[in-house]
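Tertiary structure, described
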Amino acid sequence: RQEEYRTLRDRPSVTADGHPVSLLMNAGLLVDLPQVDQSGAAGIGLFRTELQFMIAATFPRAEAQERLYRSVLDAAAGRPVTFRTLDIGGDKVLPYFRNAPDEENPALGWRAMRLALDRPGLLRTQVRALLKAASGRELRLMLPMVTELHEIDQARALIMREVKHLSRFGHGLPLTLRIGAMLEVPSLLFDLDGLMEKVDFVSIGSNDLFQFMYAADRGNSRVADRFETLSPTFLRALKSIADAAARHETPLTLCGEIAGRPLEALALAALGITTLSMSPAAIGPVKAAILKTDMAALRAAIADPLENGSTGADIRNIIREYAEAHA
Ligand code: PEP
Ligand code: MG
């Protein structure tokens, strides 16, 4: 199997009926970077910048941040890299920063964008380091845990102030700057058109979106696997996102763990989510599944079950049978 995946590394990722499905990798540390070449990833769809902060003994200095970001862009060698701005809080704890000592529900607490907008010094330093590191190249910035659209406006204003500041001091700037949002809080599902209009790209954080939609703590093994990620309620939510992105021609990615599971990845592609970011080890198995799949046939096979009261287990069986028949 490993051997089979290795031989697939340089094969384009395209379904049997000719639809490209772009496979990117998730990363967060220097040690992940050799995987960009080894995995055959088309780029880095999610760079979790908070990991550098989580393994440090104190806040990494601006220079250290800039150095890491530059190494990431160098390793990607022109392939797209999406840097997520700091996603601290919830399950991502900094030992030297007690962001909220007595939160009863850290996942619902003062975290990610909420913290970044309340303590803009942290975000400002990071954005400046990213802008400098990407001088002369493309910079893609992604905002985590967006809950309301005005947070995007606030973050964009902060980012543009840093751009102005750097250019006033004669620093080189990125050739292009794209600002996107993660869709991982269900409130955004009810203003998809507003969201799609506001950003340059959207990435679905399915780990958190699932956690919040099903009110099931992703870190609690009692409940984490209790609900089926292929259940029609979840897939219909994902499809409404894909449809809105298509209406507005807003590039859409999914970067949660389900992207790296072959049956889930097939379902996502069938729903129209065709850029998937996953752990590098998952790229081979997912690509092997994509290559064998007639996407139109799979889409037709799940269309009715999505609407007519089937369970997630039913849908999983349909996709599994389909995949086994074409293995
Ligand atoms: C997610 O929530 O799906 C995601 C990709 O972000 P993280 O797992 O880092 O919260
Ligand atoms: Mg998340």
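Preceding block: the structure.
Residues numbered from 1 in each chain as written. Chains lettered and ligands numbered in written order. Predicted model: local features only at pLDDT ≥ 70, side-chain atom pairs only at ≥ 80, totals over all residues.

**Some thoughts on the overall build of the protein chain**
Note the following rule: Secondary structure follows DSSP: runs of H or I at least 4 residues long count as helices, runs of E at least 2 residues long count as strands, and numbering of each begins at the N terminus. The globule rule used for comparison is 2.2 Å times the number of residues to the exponent 0.38, while the radius of gyration itself is calculated over C-alpha atoms. Each residue is classified by how many other C-beta atoms fall within 10 Å of its C-beta atom, where C-beta atoms are placed from the backbone; a count of 20 or more means buried, 12 or fewer means exposed, and values in between mean partly exposed. Contact criterion: two residues are in contact if their C-beta atoms, reconstructed from the backbone, are within 7 Å.
Each helix and strand in the protein chain was counted, giving 15 helices and eight strands. The C-alpha radius of gyration computed for the protein chain amounts to 20 Å, which stays within 12% of the reference 20 Å derived for 327 residues, consistent with globular compactness. With the C-alpha coordinates of the protein chain rotated into their principal frame, the extents come out at 60 × 45 × 35 Å. Counting all 327 residues of the protein chain, 43% fall into the buried class. Within the protein chain, contacts between residues separated by at least 24 positions form 69% of all contacts whose residues are at least 6 apart in sequence.

**Notes on the site of ligand 1**
Stated formally: In this text, near has one meaning. A residue is near a molecule or strand if its C-beta atom, placed using the backbone, is within 6 Å of it. Gly is put with the polar residues, along with every residue not named as nonpolar or charged; the nonpolar set is Ala, Val, Leu, Ile, Met, Phe, Trp, Tyr, Cys and Pro, and the charged set is Asp, Glu, Lys and Arg.
Taken together, Leu46, Arg48, Asp87, Glu184, Gly205, Ser206, Asn207, Asp208, Cys255 and Gly256 make up all the residues around ligand 1. Counting only elements with at least two residues in the shell around ligand 1, the list comes to β2 (44-48) and α9 (206-213). At three residues, the largest contribution of residues to the shell around ligand 1 is made by α9. Here the shell around ligand 1 is built from residues that sort into two nonpolar, four polar and four charged.

**Here's the deal with the pairing of strand β8 (residues 275-278)**
On a regular strand, each side chain points to the face opposite its neighbour's, so the side chains alternate between the two faces of the sheet. Selection criterion: For two strands to be treated as a pair, DSSP must find at least two bridges joining them.
Of the two faces of β8, the one holding Thr275 and Ser277 and the one holding Leu276 and Met278 are both buried throughout. By the bridge criterion, four bridges tie strand β1 (residues 22-27) to β8 in an arrangement that is parallel. Note on β8: the bridge partner recorded for Met25 is Met278.

**Focus on helix α14 (residues 295-307)**
Test applied: Expected helix span is given by 1.5 Å per residue-to-residue step, counting one fewer step than there are residues.
Taking 1.5 Å of rise per residue, the 13 residues of α14 would be expected to cover 18 Å, and the 19 Å separating its terminal C-alpha atoms lies within 8% of that figure. Along α14, the residues that are buried comprise Met295, Leu298 and Ile302. Close packing links the buried residues of α14 with α12 (262-271) and α15 (312-325).

**Looking at the packing of α12 against α15**
Under the convention used in this document: Each axis is a line fitted through C-alpha atoms, and for a helix only the stretch in contact is used; angles between axes span 0 to 180 degrees, taken between their N-to-C directions. For classification, angles of less than 35 degrees are called roughly parallel, those exceeding 145 degrees roughly antiparallel, those between 65 and 115 degrees roughly perpendicular, and all remaining angles oblique.
Two numbers describe how α12 lies on α15: the axes approach to 10 Å, and their chain directions differ by 100°. Relative to α15, the element α12 is oriented roughly perpendicular. Within the contact between the two elements, α12 uses Leu263, Leu266 and Ala267 and α15 uses Arg316, Ile319, Arg320 and Ala323. In terms of residue class, the contact of α12 with α15 is built from five nonpolar, no polar and two charged.

**As for helix α4 (residues 62-76)**
Its 15 residues give α4 an end-to-end C-alpha distance of 21 Å, which sits within 8% of 21 Å, the value for a rise of 1.5 Å per residue. The secondary structure elements touched by the buried residues of α4 are α2 (34-39), β2, α3 (50-54), β3 (81-84) and α6 (120-133). A positive phi of about 45° marks Ala77, the residue just after α4.

**Description of the nonpolar core**
Inclusion rule: Buried Ala, Val, Leu, Ile, Met, Phe, Trp, Tyr and Cys residues whose C-beta atoms connect them within 7 Å together make up a nonpolar core.
Ranked by internal contacts, the top residues of the largest apolar core, which has 91 residues, are Ile44, Leu130, Leu238, Ile241, Ala267 and Leu268. If near-sequence neighbours (up to four positions away) are discounted, Ile44 is found in contact with Leu24, Met25, Ala27, Val36, Val72, Ala76, Val81 and Thr82.

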